[in-house]
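Chain and residue survey
Read off the chains here:
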Amino acid sequence: MAAVAVHQFAPCITCHAWSPDHSMIALCPNNNEVHIYRSSQDKWERVHVLQKHDQIVSGIDWSPRSNRIVTASHDRNSYVWNREGPEWVPTLVILRLNRAALCVQWSPRENKFAVGSGAKTVCICYYEQDNNWWVSKLIRKRHDSSVTSVAWHPNNILLATTSTDGKCRVFSTFIKGVDTRDSKAGSSSDSKFGEQIIQLDLSFSWAFGVKWSPSGNTLAYVGHNSMIYFVDDVGPSPLAQNVAFRDLPLRDVLFVSEKMVIGVGFDCNPMVFGADERGIWSFVRFLGERKSSFSGSKYGSQFSEAFGKFYGQSKTGVSNDGIDPSRSRGGIHENCINCIVSLGEEGSSRTLRFSTSGLDGRVVIWALENQEDLSEYL
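The name given to the protein in an unreviewed UniProt entry is Actin-related protein 2/3 complex subunit, with Hevea brasiliensis as the source organism. Quoted verbatim from the Subcellular location (unreviewed entry) heading of the UniProt record, the comment on the protein is "Cytoplasm, Cytoskeleton".

Considerations on the packing of aromatic side chains
Evaluated as defined, the whole model comprises 16 aromatic pairs. When the ring of Phe354 is compared with that of Trp366, the centres are 6.5 Å apart and the planes differ by 15 degrees; the resulting orientation is stacked. Note that Phe354 is positioned in strand 27 (residues 353-358) and Trp366 in strand 28 (residues 362-367), a separation of 12 residues in sequence. By relative accessible area, Trp366 is classed as buried at 2%. Pairwise contacts between aromatic rings join Phe9, Trp18, Tyr37 and Trp44 into one cluster. The aromatic ring of Phe193 is capped on one face by Lys137, whose charged end is 4.5 Å from the ring centroid. Positioned over the ring face of Phe208 is Arg251, at 4.5 Å from the centre of the ring.

Things to note about the sheet that holds strand 4 (residues 33-40)
Working definition: the strands of a sheet are paired by backbone hydrogen bonds and lie parallel or antiparallel to each other. Pairing within the open sheet is antiparallel, and its 4 strands lie in the order 2-3-4-5. Sheet topology places strand 2 (15-18) and strand 5 (43-51) at the edges, where each strand pairs with a single neighbour. Between one strand axis and the next, the sheet turns through 25 degrees on average, direction left out of account. Pairing geometry for strand 2 and strand 3 (residues 24-28), over 4 bridges, is antiparallel. Paired with His16 across the strands is Leu27, a residue of strand 3.

Observations concerning the sheet that holds strand 19 (residues 218-223)
Taken in spatial order, the 4 strands of this open sheet run 18-19-20-21, and their pairing is antiparallel. Both edges of this open sheet fall to strand 18 (207-212) and strand 21 (239-244), since each of them pairs with a single strand only. Each adjacent strand pair in this sheet contributes to an overall mean axis angle of 20 degrees, direction not counted. The pairing of strand 19 with strand 20 (residues 227-232) spans 6 bridges and is classified as antiparallel. For Tyr221, the partnering residue across the bridge sits in strand 20 and is Tyr229.

Here's the deal with the pattern of salt bridges
Applying the stated rule across the entire model yields 7 salt bridges. Here Asp165 and Arg169 are joined by a salt bridge, their closest N and O atoms 2.9 Å apart. The residues Asp165 and Arg169 share a single accessibility class, namely buried. One salt bridge in this structure joins Glu334 and Arg362, with 3.3 Å as the shortest N-O distance. Placement of Glu334 in the loop between helix 2 (302-316) and strand 26 (337-342) and of Arg362 in strand 28 is noted, with a sequence separation of 28 residues between them. On the accessibility criterion, Arg362 (19% relative accessible area) is buried.

Some words on the pairing of strand 10 (residues 101-106)
Where strand 10 and strand 11 (residues 112-117) come together, 5 bridges link them in antiparallel fashion. Each bridged residue has a counterpart across the sheet, and for Val104 the counterpart in strand 11 is Val115. A loop of 5 residues connects strand 10 with strand 11, the two strands running antiparallel in sequence, and Glu110 in this loop sits at a positive phi of about 65 degrees.

With respect to the confidence of the model for the protein
Low-pLDDT portions of the prediction should not be read for the details of their coordinates. Considering every residue of the protein, the mean pLDDT works out to 87; 86% of them sit at 70 or more. Per-residue pLDDT, averaged within each element of the protein, yields its smallest value for helix 1 (residues 296-300) (43) and its largest for strand 7 (residues 69-73) (98). Note that pLDDT drops below 50 for residues 290-301; the model gives that stretch 15 contacts with residues more than four away or on any other chain. Note on residues 314-328: pLDDT under 50 across the span, and 19 contacts to partners over four residues away in sequence or across chains.

Re the UniProt feature "repeat: WD" (unreviewed entry) in the protein
Per the UniProt record, "repeat: WD" (unreviewed entry) is found at residues 50-82 and 140-172. Span residues 50-82 is 0% helix and 55% strand, its end C-alpha atoms 11 Å apart. Annotated as residues 140-172, this span is 0% helix and 52% strand, and its ends, taken at the C-alpha atoms, are 13 Å apart.

Here's the deal with the nonpolar core
Among the nonpolar cores identified, the biggest contains 19 residues, and Met260, Leu287, Phe354, Trp366 and Leu374 are the most heavily contacted of them. When contributions to this core are tallied by element, the ones reaching two or more residues are strand 22 (250-257), strand 23 (260-265), strand 26 and strand 28. Tallying contributions element by element places strand 23 first for this core, with 3 residues. Contact partners of Leu374, with chain neighbours within four places excluded, come to Met260, Val272, Val284, Arg285, Leu287 and Leu368.

Some details on the side chain of Thr148
Within the fold, Thr148 resides in strand 14 (residues 147-152). Overall, the relative accessible area of 17% leaves Thr148 in the buried class. Reaching out from Thr148, the side chain makes a polar contact with the backbone oxygen of Ala207 at a distance of 2.7 Å. Ignoring any residue separated from it by four or fewer positions in sequence, one finds Thr148 in contact with Cys103, Thr162, Ser163, Thr164, Ala207 and Phe208.

Scoring rules and cut-offs
- Residues numbered from 1 in each chain as written.
- Predicted model: local features only at pLDDT ≥ 70, side-chain atom pairs only at ≥ 80, totals over all residues.
- Heavy atoms only, no water.
- UniProt positions renumbered as here; feature names shortened; annotations may be inferred.
- Phe/Tyr/Trp six-rings, centres within 6.5 Å; stacked < 30°, edge-to-face > 60°.
- Helix = DSSP H or I, 4+ residues; strand = E, 2+ residues; numbered from the N terminus.
- Buried < 20%, exposed > 50% of the residue type's maximum accessible area, 1.4 Å probe, protein only.
- Lys NZ or Arg CZ within 6 Å of the ring centre and 35° of its normal.
- Pairing = 2+ DSSP bridges.
- Axes fitted to C-alpha atoms, helices over the stretch in contact; angles between N-to-C directions.
- Salt bridge = Lys/Arg side-chain N within 4 Å of Asp/Glu carboxyl O.
- pLDDT = per-residue confidence, 0-100.
- Contact = heavy atoms within 4.5 Å.
- Core = buried A, V, L, I, M, F, W, Y, C linked by side-chain atoms within 4.5 Å.
- Polar contact = N/O pair within 3.5 Å; in protein donor to acceptor, adjacent residues only side chain to side chain.

Printed below as a string of structure tokens:
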């Protein structure tokens, strides 16, 4: 089993993030607060409660170098929390949104952060030294629906977004005076702020959980149609692949190496996807079980089993999860996994440990060190 630790923090967890040394975790227990726990003698002790938001906190990110926490909420605001002595001091960031903020992430250099929203806009926030406040610039009129996730390219300029309009987009976020012209960034540093580099129309359903590979050469995101999409050479002539699977849709993904992706979602069990030597991606197996595939007869009867289960629930109102006891849907998590966070070193080309949290209120730490059948992808 790849899971090395399971912690029950709350009845439900919306999102979570780790401190730079991974000794503390910040999480939202599905309300307007952020709880910070510290590990002490194999126990978790709640040491801080951050209370400034008025509605559910939908996004948390903890910067690994500057040790700052940024939060986003359905109250349309964002706060940057700085540690001053024993307390966390908040700074309000005016996002100028008329709908909920849905996700947030620090840029690799931690001089900016991006906020996706239900207002069809993305806020790029940066600090103005002269006025001593955080300023937001908006990428408008590019999305047709809510922005569900954001992901920074390693060059600190390109930003990928997914939306419930089914599209994945990549934008330039170059801000004069904040970013520098870098030859390593290629043509992206010559693009204007808000310029759309590419729009990917691969999914015909809601899109979630976009991530870049450690090198920034590959982009991955998921659709609500039980598919995951991989895009190489993001630019005028991208190379795209899609992998369909028979299980429930994913909500988030994480690159643990250039050739391996972990996907989490409604199946309550992390899924492993790998690329072979030709660069062809495929589903490998569930992380919480050993078998990589099921017999054809098992899959052939899946529709009838699913229909029987649904019919039984609709008639009696009682869950009939015992129809297929041989197949573990989750096992460790008992509800949808909505967040996956790397526990590797910043800037590392691979991640051997990561954590997941879900609507069951659990945080699970997973390790890949002893998974011999996955070593070819790491």
